[in-house]
Amino acid sequence: MYKFFRSILFWLPAEFSHFLSLTLLKWFYKMPCQLNRALKKAPHKPVKVAGLVFKNPVGLAGGFDKNGDYIEALFALGFGFIELGTVTPLPQKGNSKPRLFRLVKQSALINRMGFNNKGVDYLVKRLERRKYNGVLGINIG
């Protein structure tokens, strides 16, 4: 099944694949289905560092969810912490498209996105509405 979905995502432009994947994750997270139940049963292996208790030692670096639109769904995948952003004081469009490039043979990406984000006010509103109380970092630019 992975190869099937990977082939579809690799057929689409990289930045759209990223958006589509996050949107589908959020949709499945909200749906009362088997995948949703599996997402909500991610294993817990608590780790305490610098006075903070992380659900587990695996985290998600900034840049994946710049605006805090997918917090609950990403935590449901089992991340022990999530870094949001980079967020800037005002909304920014980032660099011109295309700005995300796949290097298939090297299993890598080139990210020239820039600081495309909806601004700090949008992020603060998302944080006020969040339901999951996990460790969040915010990358500020």
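Structural data are supplied above this passage.
Notes on the structure follow.

Criteria and cut-off values
- Residues numbered from 1 in each chain as written.
- Predicted model: local features only at pLDDT ≥ 70, side-chain atom pairs only at ≥ 80, totals over all residues.
- Heavy atoms only, no water.
- Pairing = 2+ DSSP bridges.
- Helix = DSSP H or I, 4+ residues; strand = E, 2+ residues; numbered from the N terminus.
- Expected span 1.5 Å × (residues − 1).
- Buried < 20%, exposed > 50% of the residue type's maximum accessible area, 1.4 Å probe, protein only.
- Arc of directions from axis to C-beta.
- Right-handed = clockwise from strand over helix to strand, strands pointing away.
- Salt bridge = Lys/Arg side-chain N within 4 Å of Asp/Glu carboxyl O.

1. Quick word on the pairing of strand 5 (residues 100-103)
Phase 1: Bridge count between strand 5 and strand 6 (residues 108-111): four bridges; the pairing is antiparallel. For Leu-100, the partnering residue across the bridge sits in strand 6 and is Asn-111.
Phase 2: Counting the residues that bridge the hairpin from strand 5 to strand 6 gives four residues, and of these Ser-107 lies at a positive phi of roughly 50°.

2. Some words on helix 2 (residues 14-30)
Phase 1: Its 17 residues give helix 2 an end-to-end C-alpha distance of 25 Å, which sits within 8% of 24 Å, the value for a rise of 1.5 Å per residue.
Phase 2: Ala-14, Glu-15, Ser-17, Leu-22, Leu-25 and Tyr-29 are the residues of helix 2 that are buried. The buried residues of helix 2 all sit within an arc of 165° when viewed along its axis, so they share a single face.

3. Observations regarding the pairing of strand 4 (residues 81-87)
Phase 1: By the criterion of burial, strand 4 is predominantly enclosed, with five of the seven residues buried.
Phase 2: Judged from the two bridges that link them, strand 3 (residues 59-60) and strand 4 form a sheet pairing that is parallel. When the bridges of strand 4 are listed, Leu-60 appears paired with Ile-82.
Phase 3: One crossover worth recording links strand 3 to the parallel strand 4 by way of helix 4 (residues 71-76), and it is right-handed.
Phase 4: Where strand 4 and strand 7 (residues 135-140) come together, six bridges link them in parallel fashion. Of the residues in strand 7, the one forming a bridge with Phe-81 is Val-135.

4. Details of the pattern of salt bridges
Phase 1: Tallied over the entire structure, the rule returns three salt bridges.
Phase 2: With a shortest N-O distance of 2.7 Å, Glu-15 and Arg-99 are connected by a salt bridge. One end of the pair, Glu-15, is in helix 2; the other, Arg-99, is in the loop between strand 4 and strand 5, and 84 residues separate them in sequence. Each member of the pair, Glu-15 as well as Arg-99, carries the same accessibility label: buried.
Phase 3: Note that Asp-69 and Lys-118 form a salt bridge whose closest N and O atoms lie 3.8 Å from each other. One end of the pair, Asp-69, is in the loop between strand 3 and helix 4; the other, Lys-118, is in the loop between strand 6 and helix 5 (120-129), with 49 residues separating them in the sequence.
Phase 4: Using a relative accessible area of 12% as the deciding quantity, one classes Asp-69 as buried.
Phase 5: Assessed through its relative accessible area of 42%, Lys-118 is described here as partly exposed.
Phase 6: Salt bridges sharing common partners tie together Asp-69, Lys-118 and Arg-126.

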